[in-house]
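Inside the fold
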Amino acid sequence: MQTIYKCENCGQEFGDWQVCSAHENKHLKIKSSRLVFPLYDIQPTAIVVELSDGSIGRFELAGVMAFPDEENSLPAIGSSAEGHEK
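Sequence positions are assigned chain by chain, starting from 1 and proceeding in written order. Where local features are concerned, this predicted model is filtered to residues with pLDDT of at least 70; where side-chain atom pairs are given and counted, the filter is 80 or more; whole-chain, interface and lining totals use all residues. The basis for every side-chain value is the complete set of heavy atoms in the structure, and neither hydrogens nor water enter the calculation.

It is worth spelling out the overall build of the chain at this point. Broken down by element type, the chain carries 1 helix and 5 strands. Tracing the chain from N to C terminus, the helices and strands come up as β-β-α-β-β-β. Any residue under 20% of the maximum accessible area for its type is buried, any over 50% is exposed, and the rest in between are partly exposed; the area is computed with a 1.4 Å probe on protein chains only. By the burial criterion, 12% of the 86 residues in the chain qualify as buried. Pairs at least 24 apart in sequence give 3% of the contacts found in the chain among residues at least 6 apart. For accessible areas, the Shrake-Rupley method is used with a probe of radius 1.4 Å. Any residue's cover is judged against the shown protein chains and nothing else. Within the structure as shown, the chain displays about 7800 Å² of accessible surface, and the carbon and sulfur contribution to it stands at 54%. Each helix is a run of DSSP H or I of at least 4 residues and each strand a run of E of at least 2, with the numbering of both proceeding from the N terminus. In what follows, residue pairs with any heavy atoms lying within 4.5 Å of each other are defined as contacts.

Of note, Y40 is a non-glycine position whose phi angle comes to about 65°, a positive value. In this structure, Y40 sits in the loop between β3 (30–36) and β4 (46–51).

We now examine the confidence of the model for the chain. What pLDDT reports is the predictor's confidence in each residue, on a scale of 0 through 100. Residues with a pLDDT of 70 or more make up 73% of the chain, whose mean pLDDT is 83. The model gives residues 80–86 a pLDDT under 50, and that stretch makes 5 contacts with residues more than four places away or in other chains.

Our focus in this paragraph is helix α1 (residues 17–24). Among all positions in α1, only C20, H23 and E24 are buried. Projection of α1 onto a plane perpendicular to its axis shows the buried side chains occupying an angular sector of 100°, all on one side. Buried positions along α1 lie against β1 (5–6) and β2 (13–14). N or O atoms closer than or at 3.5 Å make up a polar contact, with two conditions inside protein: a donor-capable atom paired with an acceptor-capable one, and, for residues adjacent in sequence, both atoms drawn from side chains. With a side-chain oxygen lying 2.8 Å from the backbone nitrogen of Q18, the N-terminal cap of α1 falls on D16. As used here, the arc belongs to the directions running from the helix axis to the C-beta atoms.

What follows covers the pattern of salt bridges. The term salt bridge refers to a side-chain nitrogen of Lys or Arg lying within 4 Å of a carboxyl oxygen of Asp or Glu. Summed over all chains, the structure comprises 2 salt bridges. Measuring nitrogen to oxygen at the nearest pair gives 3.7 Å for the salt bridge that ties K31 to E50. Here K31, found in strand β3, pairs with E50, found in strand β4; they are 19 residues apart in sequence, far enough to count as distant. Here K31 falls in the exposed class, since its relative accessible area comes to 59%. The class for E50 is partly exposed, based on a relative accessible area of 24%. We note a salt bridge from R58 to E60, for which the minimum N-O separation is 2.4 Å. By relative accessible area, which is 47% here, R58 ends up partly exposed.

This is the structure in structure tokens:
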């Protein structure tokens, strides 16, 4: 029987845990994040994220759903978005 090690970030498989660990450490990690709110508003319009390499990204909010129900819920991260409207 062979042991397979899987990267927790991208799913790539390795036969050696040290090689897998070194690979996992190459993935960027979120160092910090914050929501951006317009003046006098309660809904954020963006998320600013600082990554482990020092780079900063700004992700703009395209829309807000009040409370998704099962019929209109968002797909889980990494799953297919098939059947969901954009």
